[in-house]
Amino acid sequence: MFSINHQPPTINQMIKIGNNITLPYFPLLLAPMEDVSDPPFRAVCKDAGADLMYTEFISSEGLIRDAIKSRKKLDIYDYEKPIGIQIFGGDEDSLALAAKIVDVTNPDLLDINFGCPVKKVACKGAGAGVLKDLDLMVRLTDAVVKATKLPVTVKTRLGWDDNTRNIEEVAERLQDVGIKALAIHGRTRCQMYKGEADWTLIEKVKNNPRIQMPIFGNGDIDSPQKALQYKNRYGVDGIMIGRAAIGYPWIFREIKHYVATGELLAPPTVEERIAVSKSHLRKSVEWKGPVVGINEMRRHYSNYLKGLPGIKEYRNRLVTLTTIEEVEAVLDEVAVKYDGFEVERAPIVLENYHEHCPV
Ligand SMILES: Cc1cc2nc3c(=O)[nH]c(=O)nc-3n(C[C@H](O)[C@H](O)[C@H](O)COP(=O)(O)O)c2cc1C
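Trainee: Even after reading the chapter, I still don't get the overall build of the chain, so can you show me in this structure?
Mentor: Looking only at helices and strands, the chain has 14 helices and 10 strands in total. With the C-alpha coordinates of the chain rotated into their principal frame, the extents come out at 60 × 50 × 40 Å. A total of 359 residues make up the chain; the buried ones form 56% of that total. Counting only carbon and sulfur atoms, one obtains 51% of the accessible surface of the chain, whose full area is about 15,600 Å². On the chain, the mean spot of the 47 positive side-chain charges and the mean spot of the 49 negative ones are 2 Å from each other.

Right, dumping it as structure tokens:
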């Protein structure tokens, strides 16, 4: 069916971003996701094998105003490396100033978001709004590249709508002003999350002989089989995974194993699910404080414990408890009750986020 790469990758197959970041062959990237890819979530994805991660997007204006929410998103840790900080904005001076602020926190790279379809971002000329004005996109990128010593990368969509699927030109022009890698979500802004991501234009960008930088494909990867199929079909340097990792960080190690051997790893054991729930919980409490940390963890239990028959009773208790000790005690009960139970592999369902946003 699909060709499998059984040869160990050579040093030449490593992926380089700028001079200082070397990623393994066919790296897996954790997509930036607002309200999701915070340090506690990134920690579980890193443990599961994510090769490069990004912060949630950070408003350049917010950084300049010193808004608490924006500042907090700059928290990155040594164990996360390599890590990129993602910023967005529609104004050259603000983006350049934000880039200087980011510099101080010493990430491995600085990523610019030109893909966010959410109305409050796109319609202010930032995020995917810039897709309507390629010259502006180039000026904004140039301003950031000149303002920072970090490698600058970009994440974007195919274009604004079906009439402006200009990613091939975008890739060339952004490379010309100095970006070091490009991640492309195979949808237009107007598609939001509708339909299926179209990777054919991503393939064209990758196959353009003028393009020297790594090209990462993004959109709808939800299984090891699909990851390998898309790797082989579209020839991208690596893939970026967003929604599939929410509640299932193990997707990273499963894809790595499948790409290397052609075999599916067994789904995580109950013990691993409990261990990840606890470590995510502890990190959430550490980073967000007990009240918010415990509250925000509640949305993760149903995913982490999915497939255990009768788990609802425990889940209902988990989402009412208010101390870390109480939550851990219930997780221990779950570990004992389901000890040795083999959870069946269930397809990952990708949510249609942002669908409420008018186009
Ligand atoms: C909840 C959520 C928040 C997101 N926030 C961001 C963001 O901050 N920056 C960004 O570039 N993309 C953001 N995205 C888009 C993802 O990075 C990714 O491009 C998109 O989900 C498609 O990949 P997937 O099919 O693997 O999920 C977000 C997506 C989701 C679901």
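Trainee: Help me out: how do you make sense of the side chain of Ser 284 in this one?
Mentor: Tracing the backbone through its elements, the reader meets Ser 284 in helix H11 (residues 270-288). Excluding anything up to four places from it in sequence, Ser 284 contacts Pro 40, Gly 289, Gly 293 and Met 297.

Trainee: Sorry, what's going on with the pattern of salt bridges here?
Mentor: When their charged atoms lie close together, side chains carrying opposite charge are able to pair. The final tally for this structure, using the stated rule, is 27 salt bridges. When the shortest N-O distance is used, the salt bridge between Lys 288 and Asp 38 registers 2.8 Å. You can see Lys 288 sitting in helix H11 and its partner Asp 38 sitting in the loop between strand S3 (28-30) and helix H1 (39-48), a full 250 residues away along the chain. Each member of the pair, Lys 288 together with Asp 38, is buried. A salt bridge links Glu 328 to Arg 282; its shortest N-O distance comes to 3.0 Å. In this pair, Glu 328 is assigned in helix H14 (residues 324-337) and Arg 282 in helix H11, connecting sequence segments 46 residues apart. Members of the salt-bridge network, linked through shared partners, are Asp 38, Lys 288, Glu 296 and Arg 299.

Trainee: Quick question: what am I supposed to make of the pairing of strand S9 (residues 215-218) here?
Mentor: The two faces of a sheet get side chains in turn, since along a regular strand they alternate between them. Of the two faces of S9, the one carrying Ile 215 and Gly 217 and the one carrying Phe 216 and Asn 218 are both buried. Bridging between strand S8 (residues 181-188) and S9 involves 4 bridges; their strand directions are parallel. Looking across to S9, one finds that Ala 183 is bridged to Phe 216. After leaving S8, the chain enters helix H8 (residues 200-207) and then returns to the sheet as S9, a path that is right-handed. As judged from the 3 bridges shared by S9 and strand S10 (residues 238-241), these two strands associate in the parallel manner.

Trainee: Looking at this structure, how should I read H11?
Mentor: Residues lying three or four places apart along an α-helix face the same way, a consequence of the helix completing one turn every 3.6 residues. When the terminal C-alpha atoms of H11 are compared, their 26 Å separation across 19 residues agrees well with the 27 Å that a helix rising 1.5 Å per residue should span. Among all positions in H11, only Val 270, Arg 273, Ile 274, Val 276, Ser 277, Lys 278, His 280, Leu 281, Ser 284, Val 285, Trp 287 and Lys 288 are buried. The secondary structure elements touched by the buried residues of H11 are H1, helix H3 (68-72), helix H12 (290-304) and H14. Looking one or two residues past H11, Gly 289 carries a phi angle of roughly 90°, positive in sign.

Trainee: Where do I start with helix H4 (residues 92-104) in this structure?
Mentor: Taking 1.5 Å as the rise per residue, H4 with 13 residues should run 18 Å; its terminal C-alpha atoms sit 19 Å apart, in good agreement. Turning to H4, its buried residues are Ser 94, Leu 95, Ala 96, Ala 98, Ala 99, Ile 101, Val 102 and Asp 103. Residues of H4 that are buried sit in contact with helix H2 (60-65), H3, strand S5 (83-88), strand S6 (109-114) and helix H6 (134-147). Where H4 begins, one side-chain oxygen reaches toward the backbone nitrogen of Asp 93, 3.2 Å away; that side chain belongs to Asp 91. After H4 finishes, the residue Asn 106 shows a positive phi value of roughly 60°.

Trainee: Can you walk me through the packing of H11 against H14 in this structure?
Mentor: The packing of two helices is summarised by the inter-axis angle and the distance between the axes. As a packed pair, H11 and H14 sit with axes 10 Å apart at the nearest point and diverge in direction by 175°. By the angle class used here, H11 and H14 are roughly antiparallel. Two secondary-structure elements touch here, H11 through Val 270, Ile 274, Ser 277, Lys 278, Leu 281, Arg 282 and Val 285 and H14 through Ile 324, Val 327, Glu 328, Leu 331, Asp 332, Val 334 and Ala 335. Here the contact of H11 with H14 is built from residues that sort into 9 nonpolar, 1 polar and 4 charged.

Trainee: Looking at this model, I keep getting lost on the environment of Val 44. Mind explaining?
Mentor: Note on placement: Val 44 falls in helix H1. Every residue in contact with Val 44, bar those within four places of it in the chain, is listed here: Pro 249, Val 276, Ser 279, His 280 and Tyr 304.

Trainee: Explain the confidence of the model for the chain to me, please; I cannot follow it from the model alone.
Mentor: Reading fine detail from the predicted coordinates is not recommended where pLDDT is low. In the predicted model, the chain carries a mean pLDDT of 92, and 93% of its residues have values of at least 70. Scored below 50 in pLDDT, residues 355-359 shows 8 contacts in the model against residues more than four places distant or in partner chains.

Trainee: I tried to follow the site of the ligand on my own but got confused; where do I start?
Mentor: Close contacts around the ligand come from 17 residues, with Gln 86, Asn 113, Asn 218, Asp 220 and Arg 243 the closest. Backbone polar atom of Phe 57 to an oxygen atom of the ligand: 3.1 Å apart, as the coordinates give it. Within the backbone of Asp 220, one N or O atom sits 2.7 Å away from an oxygen atom of the ligand. Protein chains bury 96% of the 610 Å² of accessible surface belonging to the ligand in isolation.

Trainee: Please clarify how the pairing of S8 should be interpreted in this entry.
Mentor: The buried fraction of S8 is high, at 8 of 8 residues. Across 6 bridges, the pairing between strand S7 (residues 152-159) and S8 is parallel. When the sheet's bridge partners are listed, Lys 155 is paired in S8 with Ala 183. Crossover connection from S7 via helix H7 (residues 167-176) to parallel S8: handedness right-handed.

Definitions and limits used
- Residues numbered from 1 in each chain as written.
- Predicted model: local features only at pLDDT ≥ 70, side-chain atom pairs only at ≥ 80, totals over all residues.
- Heavy atoms only, no water.
- Helix = DSSP H or I, 4+ residues; strand = E, 2+ residues; numbered from the N terminus.
- Buried < 20%, exposed > 50% of the residue type's maximum accessible area, 1.4 Å probe, protein only.
- Areas by Shrake-Rupley, 256 points an atom, 1.4 Å probe, with all protein chains shown as cover.
- Lys, Arg positive; Asp, Glu negative; His and termini not counted.
- Charge placed at Lys NZ, Arg CZ, Asp CG, Glu CD.
- Contact = heavy atoms within 4.5 Å.
- Salt bridge = Lys/Arg side-chain N within 4 Å of Asp/Glu carboxyl O.
- Pairing = 2+ DSSP bridges.
- Right-handed = clockwise from strand over helix to strand, strands pointing away.
- Expected span 1.5 Å × (residues − 1).
- Polar contact = N/O pair within 3.5 Å; in protein donor to acceptor, adjacent residues only side chain to side chain.
- Axes fitted to C-alpha atoms, helices over the stretch in contact; angles between N-to-C directions.
- Parallel < 35°, antiparallel > 145°, perpendicular 65-115°, else oblique.
- Nonpolar A, V, L, I, M, F, W, Y, C, P; charged D, E, K, R; others polar.
- pLDDT = per-residue confidence, 0-100.
- Near = heavy atom within 4 Å.

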